[in-house]
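For reference, the chains in residue letters:
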Amino acid sequence: MKKMTIRTVACFVLCTLFFTACGSKENANKPEAVVNTVIASGSMTFSDGEEVTAELCLTKGIYYNDTMKEYVPSIYTYGQNYEGSYAVRTVDADGTVLFETGLETLFQDRGETFNFSEKFTLEAADYNGDGCPDFTIRQPQSSSTSGYLLLTVRKDGTVERLCSQEIPDTNTLGGKWSAVLKHNAQADGKPITGCFYNNAIGEEQQETYVYQKQSGLYGLQPEQ
């Protein structure tokens, strides 16, 4: 009877360890909640030398990868995914938040959920020569083309759109989530070059976006 008791206890312990291990493995292969996590940041320098930091923060979302059942292949999903609600904000050298707004208020007509495959750097340039730093954020438009949202940082830290529409690219910028767009700050209109795939003719085409002083935004250059 004593021998049976020892065997029963041993069996119980082994079973407990087995199911605990299985449960841990199962939990490890589930999405992880992500809250208030900076996914991208970059130093923004004004023409007078002052700096602020721009950040892209996942305020509420999940992390999952392509081994999990929640993963569904599409142009909006990747091997790794940081998906959810995002905010764009600026922070001064003391860590004080100067400005914050939901990404959906800037990246219009894309809903409230965004997804990025990794943490990255926000790359800055002064496209229109006004002394304020500008940066981009990319999202897919189709299987062959992405759209870059062009944003500018004002002197008080406010972030605003600098384009009336997304500037397209067909991976000429390496598929970076933030990149310095092809531009000529010395030419009239401070032109930016976009590139898209024209399905009608089966070819890539370039188009030019120019700075329009009246609206304060980049827009597609009218055909001449």
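A brief look at the structure comes next. None of the values given here were measured: they were computed from a predicted structure.

1. Section: the pattern of salt bridges
The full count for this structure, using the stated rule, is 7 salt bridges. For K155, the salt bridge is made with D48, and the minimal N-O distance between the two is 2.4 Å. Linking K155 in the loop between strand 9 (146-153) and strand 10 (159-161) with D48 in the loop between strand 1 (32-45) and strand 2 (51-65), this pair joins segments that are 107 residues apart in sequence. A relative accessible area of 48% places D48 in the partly exposed class. With a closest N to O distance of 2.8 Å, E166 and R110 form a salt bridge. Here the residue E166 occupies a position in the loop between strand 10 and strand 11 (167-169), and R110 occupies one in the loop between helix 2 (103-106) and strand 5 (114-116), the gap between them amounting to 56 residues. One exposure class covers both E166 and R110, and it is buried.

2. Examining the nonpolar core
Formed by 43 residues in total, the largest nonpolar core has its most connected members in L56, Y86, L103, F116, F135 and I137. F135 has contacts with M44, A54, V88, L122, E123, A124, L149, L150, L151, V153 and V159, leaving out every residue within four places of it along the chain.

3. Thoughts on the pairing of strand 9
Extensive coverage of strand 9 is indicated by the burial of 8 of its 8 residues. What you see with strand 9 is no split at all: S146, Y148, L150 and T152 on one side and G147, L149, L151 and V153 on the other are buried throughout. As paired elements, strand 8 (residues 134-140) and strand 9 share 7 bridges and run antiparallel to each other. In the strand pairing of strand 9, R138 is matched with Y148. Turn length for the strand 8-strand 9 hairpin, with the two strands adjacent in sequence and antiparallel, is 5 residues. Bridge analysis of strand 9 against strand 11 gives 3 bridges, and the strand direction is antiparallel.

Criteria and cut-off values
- Residues numbered from 1 in each chain as written.
- Predicted model: local features only at pLDDT ≥ 70, side-chain atom pairs only at ≥ 80, totals over all residues.
- Heavy atoms only, no water.
- Salt bridge = Lys/Arg side-chain N within 4 Å of Asp/Glu carboxyl O.
- Helix = DSSP H or I, 4+ residues; strand = E, 2+ residues; numbered from the N terminus.
- Buried < 20%, exposed > 50% of the residue type's maximum accessible area, 1.4 Å probe, protein only.
- Core = buried A, V, L, I, M, F, W, Y, C linked by side-chain atoms within 4.5 Å.
- Contact = heavy atoms within 4.5 Å.
- Pairing = 2+ DSSP bridges.

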